[in-house]
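Letter by letter, the chains look like this.
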Amino acid sequence: MTVTFTADDYAHRMRRTLESAASAGLAGVLVGIGPDLAWLTGYRPTAVTERLTLLVLTPDQPPTLIVPALERPDAAAAPGAPALTLLDWYDASDPYRVVAPLLRPAGRYGISDSTWAMHLIGLQEALPGTTYHALSVCLPMLRAVKDEHELTRMAAAGASADAAYGEILGARFAGRRETEVAADLAALLRKFGHEQVDFTVVGSGPNGANPHHEAGDRVIENGDAVVLDFGGLLDGYGSDTTRTVTVGEPGDEVREVHAIVRRAQQAAFEAVRPGVPCEEIDWVARQVIRDAGYGEFFIHRTGHGIGVTTHEPPYMVAGEKQPLVPGMCFSIEPGIYLPGRFGVRIEDIVTVTADGGRRLNNTSRDLAVVA
Ligand code: ZN
Ligand code: ZN
Ligand code: ZN
């Protein structure tokens, strides 16, 4: 059962954000429309709007949301609104003049990555002494550790993606275009409860060797390995899973490469426990693939954080020293990409528990054969 987040939950998140900002030496945090605003206030304006909406969190006044006057009723209906002071501005007025009195003239602020550049420039022009840092750089762990109710939603999103995979195995692959299978996957994610589909990768044959291939016009052939990587948002929280299937019985090399990737994925999963640095998860997966002789073909990082977006910090990549903390959620998705031939990737979302990790994707990691 998912629990509705209350104004108290949002107030708690905003307090924690201010505490982290203070520890990072920031005078406050500014948040435009996007995932950070959704997480902090529950407000997700549906229209893409050039008008300034900005949450201002500082120790000097209560949390304040600056909104265009015509959108004030929408903002006031957000679940976190009772914890906010709303300040509106009218068309033909200067919204940065509404924000400026809330900021310290020489303050250093964190600003959400998704705040439009034109708004940041507007603030800099209104207050030339202020400086700004991207939130994902100055507070990278802001949304990384999930509470119990967030974990329930993450698990529900994972289970929904798993159900979609279970059903796509019964679909026809041979003779259809990648885009058709991708459309099936999108429909299945929606059928099993996703409100938003972010990506449906169908990388057949040589297209599977490009980790960021989405889906194209290629007609899937008998004998192809096909990378299926799909996800989106369910109840505001993300799913992201990959399985590689073969159309008809696999050849020896596909079978062997798949077994290596599966071992790498398992080894990385078994390495998950509190205190282990993110980069070690990458290193463990990479070591298995390197030992099997395919190191140069593992060209992608091992994983990424996930929460109210499907890709976010911290990343499971060399150089990321951030230690794992219970409640963090991230992907483990090693792959082997053989240019011009095929690719294999296996991906689960994993959450850190007190003594290890728990997978939020639980479909079989065997090499499935489709028709
Ligand atoms: Zn990628
Ligand atoms: Zn993925
Ligand atoms: Zn992923």
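Residues numbered from 1 in each chain as written. Chains lettered and ligands numbered in written order. Predicted model: local features only at pLDDT ≥ 70, side-chain atom pairs only at ≥ 80, totals over all residues. Heavy atoms only, no water.

1. Considering the sheet that holds strand β2 (residues 54-58)
- Strand order in the open sheet formed by six strands is β4-β3-β2-β1-β5-β6, with mixed pairing between adjacent strands. Edge positions in the sheet fall to β4 (85-89) and β6 (131-134), since each has one partner strand and no second. Geometrically, the sheet is characterised by an average inter-axis angle of 25 degrees between neighbouring strands, direction not taken into account.
- As judged from the four bridges shared by β2 and strand β3 (residues 61-68), these two strands associate in the antiparallel manner. Across the sheet, residue V56 finds its bridge partner in β3, namely T64.
- Against the sheet, helix α1 (residues 7-23) engages β1 (28-31), β2 and β3, with an angle of about 60 degrees to β2. (Pairing = 2+ DSSP bridges. Helix = DSSP H or I, 4+ residues; strand = E, 2+ residues; numbered from the N terminus. Axes fitted to C-alpha atoms, helices over the stretch in contact; angles between N-to-C directions. Contact = heavy atoms within 4.5 Å.)

2. Quick notes on the pattern of salt bridges
- Taken as a whole and judged by the stated rule, the model has 23 salt bridges.
- A salt bridge links D184 to R176; its shortest N-O distance comes to 3.0 Å.
- Classification of D184 as partly exposed rests on a relative accessible area of 24%.
- Here E249 and R255 are joined by a salt bridge, their closest N and O atoms 3.9 Å apart.
- The class of E249 is exposed, set by a relative accessible area of 60%. (Salt bridge = Lys/Arg side-chain N within 4 Å of Asp/Glu carboxyl O. Buried < 20%, exposed > 50% of the residue type's maximum accessible area, 1.4 Å probe, protein only.)

3. A short note on the domain arrangement of the protein chain
- Domain annotation for the protein chain reports domain 1 (7-138) and domain 2 (148-370).
- Here the C-alpha centroids of domain 1 and domain 2 sit 34 Å apart.
- Listed per partner, the contact involves five residues of domain 1 and seven residues of domain 2.
- For the domain 1 and domain 2 pair, buried surface summed over both sides reaches about 450 Å², with 60% attributable to carbon and sulfur atoms.
- Residues that form the side of domain 1 that touches domain 2 fall into these classes: two nonpolar, one polar and two charged. (Domains from an automatic or database assignment. Buried area = accessible area lost by both parts, 1.4 Å probe. Nonpolar A, V, L, I, M, F, W, Y, C, P; charged D, E, K, R; others polar.)

4. Regarding the coordination of the zinc ion (ligand 2)
- Looking at the zinc ion (ligand 2), the protein donor atoms are D229 (OD), D229 (OD), D240 (OD) and E347 (OE), and they sit 2.0 to 2.5 Å from it.
- Around the zinc ion (ligand 2), the four donor atoms sit at angles spanning 56 to 147 degrees, and that spread fits a shape best called irregular.
- The metal-metal distance between the zinc ion (ligand 2) and the zinc ion (ligand 3) is 3.0 Å, with D240 serving as a donor to both. Placement of D240 in the loop between β9 (237-238) and β10 (241-247) and of E347 in the loop between β15 (342-345) and β16 (348-352) is noted, with a sequence separation of 107 residues between them. Accessibility assignment for this pair places D240 and E347 in one class, buried. (Donors = N, O, S within 2.8 Å, 3.2 Å for Na, K, Ca; no water. Tetrahedral: all angles 85-135°; square planar, octahedral: opposite > 155°, others 65-115°.)

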